[in-house]
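What follows is each chain in one-letter form.
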Amino acid sequence: MRNTLYKRMLCKLILFSIFLLTFTHMQAQPVTIPIETSKQALVLQTDAESRLRTVYFGKILADKNEYPSASETYHFDDNNAGIYNSVYTPAGTWNLSEPAIQVLHADGDPSLELKYDSHQTRQIDDNTSLTSIVLKDPVYPFQVTLFYKVWKKENVIEQWSEIHHTENDDVVLKKFASANLYFSNDDFYLTSYHNQWAKEMQPVETMLERGIRVLDSKLGARAMLLQSPNFILAFDQPASENEGSVILGQLAWSGNFKLEFEMDSYDNLRLIAGINPFASEYSLPPNEVFKTPSLIYAVSNNGTGEASRNLHDWARKYRVLDGQGERLTLLNNWEATYFDFNEEKLTALFKDAKNLGVDLFLLDDGWFGNKYPRNGDNAGLGDWQENVKKLPHGIGYLVKEANKAGVKFGIWIEPEMVNPKSELYERHLDWVIRQPERPEVYFRNQLVLDLSNPEVQDFVFGVVDKLFTDNPELAFIKWDCNSVIYNAYSEYLNKVGLPQSHLYIEYVHGLYKVLERLRKKYPKVPMMLCSGGGGRGDYELLKYFTEFWPSDDTEPVERIFMQWDYSYFFPAIVTDNHVTDWGKQPLKFRTDVASMGKLGFDIVASHLSEDEMKYCKEAVQNYHSFKDIVWHGDQYRLVNPHKNDIASVMYVKKDKTRAIMFNYLVNNRQRLATAETPVKLNGLDPEKKYRVKEINLYPGTRSWIDPDKEYSGDFLMKVGINPIVNLRRTSVVLEVNEVE
Ligand code: GLA
């Protein structure tokens with residue numbers, strides 16, 4: 001009996017020791033979370049304090065079991081440096097570096113600690129997965145969930161975070177980043193893009209040094225007027241097209257953004273990206289979730305070319321509204337008439353559109369306002385009724401007349417804005433963003449409506465809804481936004497007792513709410529996003545828009561550079577390019593440049609000479625024959641205009657049977673280094689045979705390219721072909737066709 005009792009006790013003791021051992025072992029075992037695309041891994045791991053750190057960002061390992069060992073290679077040994085690689089760096093406790101999140105708890109305490117709690121990965125489809133990681137403050141009922149959505153094949157990652165608490169009153173969020181990344185490498189090269197009206201996407205590449213390089217906007221609306229939320233980060237060497245590790249990134253947020261690139265004391269790089277916390281403290285009530293915008297990035301170890309093609313595929317397949325669909329070529333009347341038009345002038349333009357061979361006529365600014373007619377940019381914004389003098393029979397009549405002429409009809413609006421000279425301003429001063437006690441400050445003679453106010457959201461929705469309800473055949477909208485926000489102050493937020501510091505954020509949320517409602521009711525109608533040129537254009541707005549207007553600058557040489565730089569981040573199908581009278585380049589040059597995207601015209605077609613008209617009509621016809629390749633094919637940037645006398649870009653059909661190659665002279669030099677040597681093509685099948693034919697020839701000119709000669713893809717990609725660009729042939733378009 002005694003023996004049995006003794007045995008039982010021993011047994012219990014052993015079991016308890018095993019439990020204790022396993023438990024302590026479990027406690028000590030770090031949690032490792034690999035987030036993998038098909039080529040790249042981002043590996044996160046808990047430390048002894050259960051704080052989550054980034055321990056690896058690089059090529060995937062053949063054996064996943066080796067990821068946990070990555071952390072052993074780090075030897076951070078000073079007090080604060082060891083936490084540089086926190087996956088979401090909190091403020092107010094152990095961290096003394098730039099935080100990703102900073103809060104003031106309901107009781108006024110400014111400290112935050114975030115420890116790993118749990119994580120899960122959900123497979124959405126074969127290609128897409130979503131990992132979410134919960135981090136919790138051990139002292140306060142406050143948590144952050146980090147999200148990593150991964151598109152494996154495209155090597156694209158989307159990161160955002162959700163902040164939530166159950167404290168007994170509001171928590172003030174002072175900083176609330178979308179993502180906090182950490183890269184360990186020798187050198188980092190950052191390409192950022194700097195904008196101005198008619199001078200968008202000017203790249204600057206710098207090798208990052210110690211300190212923080214900040215890219216940001218504080219403009220509220222038209223937020224990208226001066227800087228862009230797009231960037232290229234290149235590892236070890238400056239960004240190059242076909243080699244090296246690069247990240248192409250964007251903060252997908254249409255308001256104030258802030259991207260901080262910090263080189264730490266180990267010469268590693270911290271990236272903190274999110275909404276700009278400037279004047280934006282956010283009071284978060286208990287049980288509500290604050291969702292940050294997304295940081296989206298494509299990763300490649302074979303240079304920017306591959307990263308762009310992947311990002312383009314991703315955007316068309318998963319992000320942009322109708323990204324895999326069709327687009328409408330058009331004739332716009334902005335530069336043809338400005339504000340000076342009537343029904344007669346417009347109906348004549350419908351015929352021009354038909355004659356050119358485009359799909360749609362787009363009526364621009366100036367069609368509305370009666371008490372304060374929109375005859376210039378100083379009046380009428382907000383009064384969205386047809387001007388009875390210019391358009392006595394209304395929009396309905398124009399839609400019908402356009403359809404009769406054989407083209408569709410689209411219209412320009414700028415529904416977020418108001419001129420002080422308008423009936424809307426007189427009626428609804430309370431809807432206008434302005435400081436009640438201070439003089440108004442105008443941008444293009446206008447002010448911004450307060451989209452944080454649900455009544456204003458209804459108004460903006462109503463403007464578009466009425467256009468569609470009155471004119472069901474309306475086929476296209478150009479949605480403009482020409483002003484920044486001065487005197488940021490909302491009467492509405494005051495009325496409902498919310499802090500003024502919510503305005504910048506709630507403005508953007510209000511805009512998204514309106515667009516969400518519109519897209520529920522009108523899911524398909526194509527809409528162009530415009531913002532005094534390229535003041536807007538991001539992957540959040542492109543969920544609702546089919547395309548955007550990159551710049552008012554349509555001077556074609558300038559445009560070659562701009563389109564080149566936009567093309568790192570956006571597929572050609574979303575960038576609208578118009579042939580206008582800007583600059584001194586011949587019509588052929590202008591049309592060829594505009595064909596590298598969605599083609600449109602903004603010229604007085606009836607003023608064209610016979611040859612010019614003949615050329616245009618043929619170019620439009622050609623465009624219709626190859627647009628599918630430009631819109632849905634793979635883009636290869638062949639010769640960089642920033643470094644050469646010529647620019648060369650090609651688009652290849654996915655099955656490699658056809659390609660279209662655009663070549664331009666980008667200066668006025670007589671002797672051209674690049675014209676003496678061939679341009680190597682890319683993306684073709686080395687085994688296939690191709691013929692190369694010049695198209696878009698101006699009447700009366702002949703081509704120097706032999707259309708009957710056959711080349712292997714191998715030859716075209718290794719030796720290349722000379723498009724023979726020179727002062728007499730400044731623009732050369734080549735069609736590459738597989739020999740049947
Ligand atoms: C902005 C746009 C232009 C045109 C005008 C109309 O500047 O970028 O394309 O629509 O507004 O006022």
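All values derive from a computational prediction rather than experimental measurement.

Taken as a whole, the largest pocket holds about 540 Å³ of empty space. Taken together, 26 residues make up the lining of the largest pocket; nearest its centre are Glu-241, Trp-564, Tyr-568, Asn-640 and Lys-643. Residue assignment for the lining of the largest pocket shows that the elements contributing at least two residues are β10 (188-194), β11 (202-207), α10 (556-566) and β30 (634-639). A breakdown of the residues in the lining of the largest pocket according to their chemical character gives twelve nonpolar, eight polar and six charged. Estimated volume of the second largest pocket: approximately 380 Å³. Contributing elements (two or more residues each) for the lining of the second largest pocket: β8 (156-165) and α9 (503-521). Take the lining of the second largest pocket: its biggest share by element is four residues, from α9.

Another aspect to go through is the site of the ligand. In the vicinity of the ligand there are 13 residues, among which Asp-364, Asp-365, Arg-444, Lys-478 and Asp-552 approach most closely. Asp-552 is positioned with one of its side-chain polar atoms (N or O) 2.6 Å from an oxygen atom of the ligand. Burial of the ligand by the protein chains amounts to 96% of its free accessible area of 310 Å².

Attention now moves to the sheet that holds strand β22 (residues 408-413). A sheet is described by the order of its strands in space; here eight strands give the open sequence β27-β26-β25-β22-β21-β20-β29-β28, paired in parallel fashion. Across the chains shown, the open sheet's two edge strands, defined by having one partner strand only, are β27 (547-548) and β28 (576-579). Two elements, β28 and strand β29 (residues 598-601), share four bridges in a ladder whose sense is parallel. Along β29, the bridge assignment pairs His-578 with Gly-600.

Overall, antiparallel pairing links the six strands, which are arranged β30-β31-β32-β35-β33-β34 in an open sheet. One side of each edge strand has no neighbouring strand; the edge strands of this open sheet are β30 and β34 (710-712). Looking at each pair of strands side by side, their axes are set apart by 25° on average, direction ignored. In the sheet, strand β33 (residues 689-695) pairs with strand β35 (residues 731-738) via six bridges, with the strands oriented antiparallel. Bridged to Glu-694 within β35 is Leu-734.

The subject of this paragraph is helix α11 (residues 587-594). By the criterion of burial, α11 is predominantly enclosed, with eight of the eight residues buried. Every buried residue of α11 is accounted for by Leu-587, Lys-588, Phe-589, Arg-590, Thr-591, Asp-592, Val-593 and Ala-594.

What follows concerns the nonpolar core. With 187 residues, the main nonpolar core has Tyr-88, Leu-363, Trp-367, Phe-409 and Trp-479 as its most contacted residues. Apart from residues lying up to four places away in sequence, Leu-363 is in contact with Asn-333, Phe-341, Leu-346, Leu-391, Ile-395, Leu-398, Phe-409, Gly-410, Ile-411 and Trp-412. Judged by nonpolar contacts, the second largest core, of 22 residues, contains Tyr-636, Val-639, Leu-681 and Val-732.

Relative to the helices and strands, Glu-335 is located in helix α3 (residues 334-337). Despite its burial, Glu-335 pairs with no opposite charge, the nearest such side chain being Lys-478 at 8.0 Å. The contact partners of Glu-335, leaving out residues within four places of it in the chain, are Thr-554, Thr-580, Asp-581, Trp-582 and Asp-602.

We now examine empty space enclosed by the protein. Empty space among the atoms becomes apparent when a probe as large as a water molecule is rolled across them. On inspection of all chains with the given rule, the structure shows eleven cavities of 30 Å³ or more. Put simply, the largest cavity is a space of about 120 Å³. Residue lining of the largest cavity: 13 residues in total, with Gln-563, Ser-567, Met-596, Gln-635 and Tyr-651 positioned closest to the centre. A total of four residues in the lining of the largest cavity trace back to one element, the largest contributor, which is α10. Across the lining of the largest cavity, the residue classes tally to nine nonpolar, four polar and no charged. Taken as a whole, the second largest cavity holds about 60 Å³ of empty space. Along its surface, the second largest cavity is lined by Asn-195, Met-201, Met-224, Ser-228, Asn-230, Gly-534, Arg-536, Gly-537, Phe-548, Tyr-566 and Phe-570. Here the lining of the second largest cavity is built from residues that sort into five nonpolar, five polar and one charged.

Parameters and conventions
- Residues numbered from 1 in each chain as written.
- Predicted model: local features only at pLDDT ≥ 70, side-chain atom pairs only at ≥ 80, totals over all residues.
- Heavy atoms only, no water.
- 1 Å grid on protein atoms, 1.4 Å probe; cavity = no way out; pocket = protein on both sides within 12 Å on 5 of 7 lines; lining within 4 Å.
- Points joined across faces, edges and corners; volume = space filled by probe spheres on them.
- Helix = DSSP H or I, 4+ residues; strand = E, 2+ residues; numbered from the N terminus.
- Nonpolar A, V, L, I, M, F, W, Y, C, P; charged D, E, K, R; others polar.
- Near = heavy atom within 4 Å.
- Polar contact = N/O pair within 3.5 Å; in protein donor to acceptor, adjacent residues only side chain to side chain.
- Areas by Shrake-Rupley, 256 points an atom, 1.4 Å probe, with all protein chains shown as cover.
- Pairing = 2+ DSSP bridges.
- Axes fitted to C-alpha atoms, helices over the stretch in contact; angles between N-to-C directions.
- Buried < 20%, exposed > 50% of the residue type's maximum accessible area, 1.4 Å probe, protein only.
- Core = buried A, V, L, I, M, F, W, Y, C linked by side-chain atoms within 4.5 Å.
- Contact = heavy atoms within 4.5 Å.
- Lys, Arg positive; Asp, Glu negative; His and termini not counted.
- Salt bridge = Lys/Arg side-chain N within 4 Å of Asp/Glu carboxyl O.

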